[in-house]
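# Results of the structural survey
Chain by chain, the residues:
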Amino acid sequence: ANAVRIFRQNCVDGFTANAEHCRQGVESSTALVTALVDVIGYEKAEAIAQLAKTENKTIRQVVLEQNLMSAAEFEESISPERVNRLGSKQVRSFK
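### Comments concerning the nonpolar core
Counting residues in hydrophobic clusters, the biggest one holds 15 residues, and the most contacted among them are Leu36, Ile48, Ile59, Val63 and Phe74. Looking at this core, the elements that each hand over two or more residues are helix 4 (42-55), helix 5 (59-65) and helix 6 (71-78).

Here it is in structure tokens:
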């Protein structure tokens, strides 16, 4: 217990995440297109990932520039609640 307290005091207290930097990292990750497959299809998602990579843009930028969805639709598609449901239609219960 003492070690945890010392660790918290010396390494964790006062530490804050840079939310904007974290969001940029998520939006720049080509893995993000996985969350868009159900909405825009695999081929478009793959093309978006390639374009974002080659043009050094975020997935968000490419999606919005190509008018594939609105900013609100994009946010809904990548929300943690929606991403956690990905593939849930295919989940089978084994008894």
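### Concerning unusual backbone geometry
In this structure, Asn56 takes a positive phi of about 55° despite not being glycine. Mapping Asn56 onto the fold places it in the loop between helix 4 and helix 5. According to the relative accessible area criterion, Asn56 is exposed, its value standing at 72%.

### As for the pattern of salt bridges
In total, this model carries 4 salt bridges according to the counting rule given. The salt bridge involving Arg8 is made with Asp13; its shortest N-O contact spans 3.0 Å. By relative accessible area, which is 44% here, Asp13 ends up partly exposed. Linked by salt bridges that have partners in common, Glu55, Lys57 and Glu65 make up one network.

### Quick word on the environment of Lys57
Looking at the secondary structure, you find Lys57 in the loop between helix 4 and helix 5. What makes Lys57 partly exposed here is its relative accessible area of 25%. For Lys57 and Ser29, which are 28 residues apart along the polypeptide, the C-alpha to C-alpha distance reads 9.9 Å. Beyond its immediate stretch of four places on either side in the chain, Lys57 contacts Ala52, Val62 and Glu65.

Each value, and the rule that gives it
- Residues numbered from 1 in each chain as written.
- Predicted model: local features only at pLDDT ≥ 70, side-chain atom pairs only at ≥ 80, totals over all residues.
- Heavy atoms only, no water.
- Core = buried A, V, L, I, M, F, W, Y, C linked by side-chain atoms within 4.5 Å.
- Buried < 20%, exposed > 50% of the residue type's maximum accessible area, 1.4 Å probe, protein only.
- Helix = DSSP H or I, 4+ residues; strand = E, 2+ residues; numbered from the N terminus.
- Salt bridge = Lys/Arg side-chain N within 4 Å of Asp/Glu carboxyl O.
- Contact = heavy atoms within 4.5 Å.

Function-wise, these values are silent; they only describe arrangement.
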